[in-house]
Amino acid sequence: MHVEITPRRFDVHPGIPQPVQVTISNTGTVIGGYAVRVLGADPSWVTLPDDEVSLFPEESRTLSVMITVPEGMTAGERRLSVQVRELTPPEESVVEEITLVVPEAAATKVRLDPMAIQAGRTARLNVLVDNTGNTPIHQRLHGQDPEGRVRFRFDPPVLRLEPGEHALVDMRATAKQPFLGNPVVRPLELRLVDPDYVPIAPPPEKKDDEQKLSRPTLRRKRPVPRIDDEAIPMIANATFIQKPRISRGPVSLLGLLLAVTVFAIVITLSLSRIVGQSAADRNLALEIAAARDAGAGTGTAGLGGTVKQLTSGEPVESVTVSVFAADDTEAPLATDATDATGRWEVGNLPAGDYKVTFRGAGFVQVWYPAALDAADAETVTVEAGAQSLGLDVNLGGIPASISGTIDGPDVSAATLTLRVPLSGQAAAGSTAGTPGTAASAEQGAVVMSVPVGDDGTFTLENVPSPSVYDLVVSKPGFATSTQSVDVAAGEARSGVEITLRQGDGLISGVVRSAGGPLGGATVTATSGQTTVTTMSVSKVGTFTLRGLPTPAMFSVVVSLDGYASQTVRVTLDDGQRLSGVGATLSSSSGKLSGRVLTAADEQPASGVLVSVTNGQQTVQTATTSPSEDSDGGKWSVSGLTLPGSYTVTFSRPDLAPQISALRLNAEGRIVEPDGTTLETARDVQMRSATAVVQGTVLQEQRPTAANPRPAALPVGEATVTLSSNTSTYTVTTASVPQRNAGQYRLAGIPPGTYTLSISRNGVSPVSDPIKVDAGTPYNKTTTLSVAASVKVQAVRANGASVGPGWIVELYRYDEYNRVVYRTGVTGQDGTYTFQDVDAPEAYIVQVMPVRGSTARGSKTISIDASQALTTKVEARSDG
């Protein structure tokens, strides 16, 4: 069997089916049956046209598995597995992993309450922020007004919201209050920005020379930072109607009242729609806030599971499922009914604690997982956006009763046992033996036992229902009689009749193989409706079948895993006790198994394709991963012809192929060249088919007076590029942890000749040709020259140093006054040094005492790679 999955990694969008192609090839020599299922996914996500297929030898078929994820699923990766299992020998199973990626879809809903407010110097509003997307948000609120007069404060200032969560933010808008006159209408704009986003403050208005001479110099207020970028849209707005401190006085009272009246009429007419919306939004905000405090309301969480019969495990349809708040089990928050497969699901729940109850006709009400009242129910806690879909329960019907009569020559002292049939099906038959023997182990679980009265009557009370049971009547010296009965929920079944037959026959013997006695073999004698089963005793291989009704002819079947079954026909006369019956089993098929390791580190190698063939029969499998068994790297194939010689091929794309020759004898053991035998094959060590390029990047340090010859140090964030004519590989050297600084590693490189290039800001790149071989790591240490730096000294017009605290900004030449490349603050000597700058490059250096000051100076500089440039910048006065 060979399985191919396409694609193995793909994006999925909620509600949109994504096809996954599963191609199954029958590499065997007989018709094979295969079952397909998806592991790790809710069954409701998966649609399979056919979950079982049959293939002729060398035939292939592609199944299209449709995967649909539900709405509200959070962004990120989900790993699922596609399992293909053979339904025919050798019954191998292949599990292939696929990765679903749910893309991020950020969405935010913001409301202001109220949308219009009248106040003096400060207005207080509530901001309701709701994360309606599928990814967490980490942002802060930014407010501004067109005139730049209002300053904003938010509590909390930064928001961290998971999908489905919301927050209530206290906003304060403050502006200088008019002293006299009419109210001032200030539109307020709200935006969401990244926490480290810095709005730009507009430069202060310049005064002309005449204004400077005619007016005294006043201290200018710092401009309010604002956002003019259209890429950050406004998400909410409101109106701040700012009242003056006092009226104009008694003289102009009438005129003022008239003006205010007219103004109020205009405001009322123009803002009536806004005020109406404000009331609706305020009510919505209060409802959502109350729902948040109470822990109830609409959300993105969900609950789900399956309901099955306690006795048979069959799904139960039309069971009512009710979900309650954990602290209030009177009124349900949501309800659902199970479908034909017993599944149920309730969505749109907020994060919180819940209890769930199940009611169905003919069944006892159960609280999850198996409580009879709410007080004993388990509390289910669900997070925002989470789907708890494993709430499975088993329902038992209202207890039933069974009564009837046992017929026979002597029914006194007989015992009636109620059992669950094997494999969930009724099985008529008879067994003998004492409790605890192998014979009793082959029967179904015992529900209850009662003695049979002298008149043959019996009654079984409180029988779990609905279900199918076996009624088993046994008595020493008699054949065990079995009758199947189907009991409905709460049914009072009567009139059941069972016949107890005389059983005094016996068959005994020995089970052997070519190597000696065989223990653990199953021995089953069948005659008509009578079936008796036992097992051969370990080491000696003996067996005994007791309580057989006579006269009768029996078919005795002896079976054991790994051996061909054998059937013996035996006829018993009245009361005959037959001994000396023998059965010799021969091995039906062989098995090969072993382990694969990687030669470099002798660690288990998972996912290695193992192909076993004798020229006519070919069997394939793959080594296990640590998730399948504790060790991993193991392989096993069965169903091999004995004796036989086999060629075993091991292959994996990143490892060099390896071939082993193994021979199995008639007993299924591996025969070594020296004649010794093994149970499993010796470990196989596989060499890598690719190379590893690794090393450390150092950088020379600039000499100082204290250290004139400094040693080169490891540096992180250096770009390492390995390229050939057809391929390019890139990695960055490590920065943390400190012990790994400067290190890099490129794995899975095909053998060949490459160019290894290393570059970093401020230095010229270094390139070397290298040759790499498969399975051999290539190590190299590269030293870069010292990085470029710019030392800026800010001076006044008279050449004196400006001293500490001046702001120094470094711009790329073509980004001046738009994007600051680096920034710093001068020290005591009025200097600041920019380390590790990009070079060669042209820059503009700008110095100023504070941001926004016109007392500033600038200078254009050009710097080469590894250059240590020192420049003076004169700061002009603002007059």
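Since the structure is predicted, the reported quantities are computational estimates derived from the model, not experimental observations.

## Some thoughts on the overall build of the protein
Then comes step 1: Each helix and strand in the protein was counted, giving 3 helices and 68 strands.
Then comes step 2: Across the 879 residues of the protein, 40% fall into the buried class.
Then comes step 3: Relative to all contacts within the protein whose residues are 6 or more apart in sequence, the contacts with residues 24 or more apart total 65%.
Then comes step 4: Element-wise, carbon and sulfur atoms account for 50% of the exposed surface of the protein, whose accessible area totals about 46000 Å².

## Considering the pairing of strand β6 (residues 52-55)
Then comes step 1: In β6, alternate side chains face the same way, and those of V53 and L55 are buried while those of E52 and S54 on the opposite face are not.
Then comes step 2: Taken together, the 4 bridges between strand β4 (residues 32-39) and β6 define a ladder with antiparallel strand orientation. Along β6, the bridge assignment pairs G32 with L55.

## Quick word on the environment of Q743
Then comes step 1: The topology assignment puts Q743 in strand β58 (residues 743-749).
Then comes step 2: The class for Q743 is partly exposed, based on a relative accessible area of 36%.
Then comes step 3: Taking C-alpha positions, Q743 is 7.7 Å from G716, a pair spaced 27 residues apart along the chain.
Then comes step 4: When residues no more than four places from it in sequence are discounted, the contact partners of Q743 are G695, T696, T733 and A734.

## Points about the environment of V485
Then comes step 1: On the secondary structure map, V485 appears in strand β34 (residues 481-487).
Then comes step 2: On a C-alpha basis, the gap between V485 and L471 in space is 7.2 Å, while along the polypeptide they are 14 residues apart.
Then comes step 3: Beyond its immediate stretch of four places on either side in the chain, V485 contacts I402, S467, V468, Y469, L471 and R493.

## Focus: a negative patch on the surface
Then comes step 1: Taken together, the side chains of D327, D328, E330 and D353 make up a negatively charged region of the molecular surface.
Then comes step 2: Mapped onto the elements of the fold, D328 is located in the loop between β20 (320-325) and β21 (334-337).
Then comes step 3: On the accessibility criterion, D328 (36% relative accessible area) is partly exposed.

## Examining the sheet that holds strand β16 (residues 166-174)
Then comes step 1: Overall, antiparallel pairing links the 4 strands, which are arranged β10-β12-β16-β14 in an open sheet. Every other strand in the sheet has two partners, leaving β10 (108-113) and β14 (151-155) as the edge strands with one partner each. Strand after strand, the sheet turns through a mean of 25 degrees between neighbouring axes, direction not considered.
Then comes step 2: With 6 bridges joining them, β10 and strand β12 (residues 122-131) adopt antiparallel strand pairing. Bridge pairing links V110 to V129 in β12.

## Describing the pattern of salt bridges
Then comes step 1: The tally for this structure, following the rule as stated, stands at 18 salt bridges.
Then comes step 2: Across the salt bridge formed by R652 and D654, the nearest N and O atoms sit 2.6 Å from each other.
Then comes step 3: Judged by relative accessible area, which is 30%, D654 ranks as partly exposed.
Then comes step 4: One salt bridge connects R812 with E841, and the closest N-O pair in it is separated by 3.0 Å. On the criterion of sequence distance, the pair formed by R812 in strand β63 (residues 807-812) and E841 in strand β66 (residues 841-848) is long-range, its members being 29 residues apart.

## Looking at the nonpolar core
Then comes step 1: V22, I24, I67, V84, I98 and L100 are the most contacted members of the largest nonpolar core, which totals 28 residues.
Then comes step 2: Elements with a contribution of two residues or more to this core: β1 (2-6), β3 (18-25), β4, β6, β7 (60-67), β8 (76-86) and β9 (93-102).
Then comes step 3: Looking at this core, the element that brings in the most residues is β9, giving 4 residues.
Then comes step 4: Setting aside chain neighbours within four positions, we find L100 in contact with F10, V12, I67, V69, G76, E77, R78 and L80.
Then comes step 5: Among the nonpolar cores identified, the runner-up in size contains 26 residues, and L112, L159, L161 and A175 belong to it.

## Notes on the sheet that holds strand β29 (residues 415-419)
Then comes step 1: Taken in spatial order, the 4 strands make up an open sheet running β30-β29-β32-β34, and their pairing is antiparallel. With one partner strand each, in any of the chains shown, β30 (446-451) and β34 form the two edges of the open sheet. With strand direction ignored, the average angle separating the axes of adjacent strands in the sheet is 20 degrees.
Then comes step 2: Pairing of strand β32 (residues 467-474) with β34 involves 7 bridges; the strand directions are antiparallel. Looking at β34, one finds that V472 is bridged to T482.

## Describing the confidence of the model for the protein
Then comes step 1: Across the protein, the average pLDDT comes to 81, with 87% of residues at or above 70.
Then comes step 2: The element-level mean pLDDT for the protein is lowest in helix α3 (residues 438-441), coming to 34, with strand β56 (residues 719-723) highest at 94.
Then comes step 3: Contacts for the low-pLDDT stretch residues 210-220, under 50 throughout, to residues beyond four places or in other chains number 4 contacts.
Then comes step 4: Across residues 273-297, confidence stays below pLDDT 50; counting only partners more than four residues off in sequence or on other chains, it has 28 contacts.

So, how was this worked out
- Residues numbered from 1 in each chain as written.
- Predicted model: local features only at pLDDT ≥ 70, side-chain atom pairs only at ≥ 80, totals over all residues.
- Heavy atoms only, no water.
- Helix = DSSP H or I, 4+ residues; strand = E, 2+ residues; numbered from the N terminus.
- Buried < 20%, exposed > 50% of the residue type's maximum accessible area, 1.4 Å probe, protein only.
- Contact = heavy atoms within 4.5 Å.
- Areas by Shrake-Rupley, 256 points an atom, 1.4 Å probe, with all protein chains shown as cover.
- Pairing = 2+ DSSP bridges.
- Patch = residues over 30% accessible without salt bridge, like charges linked within 9 Å, V, L, I, M, F, W, Y side chains within 5 Å.
- Salt bridge = Lys/Arg side-chain N within 4 Å of Asp/Glu carboxyl O.
- Lys, Arg positive; Asp, Glu negative; His and termini not counted.
- Charge placed at Lys NZ, Arg CZ, Asp CG, Glu CD.
- Axes fitted to C-alpha atoms, helices over the stretch in contact; angles between N-to-C directions.
- Core = buried A, V, L, I, M, F, W, Y, C linked by side-chain atoms within 4.5 Å.
- pLDDT = per-residue confidence, 0-100.

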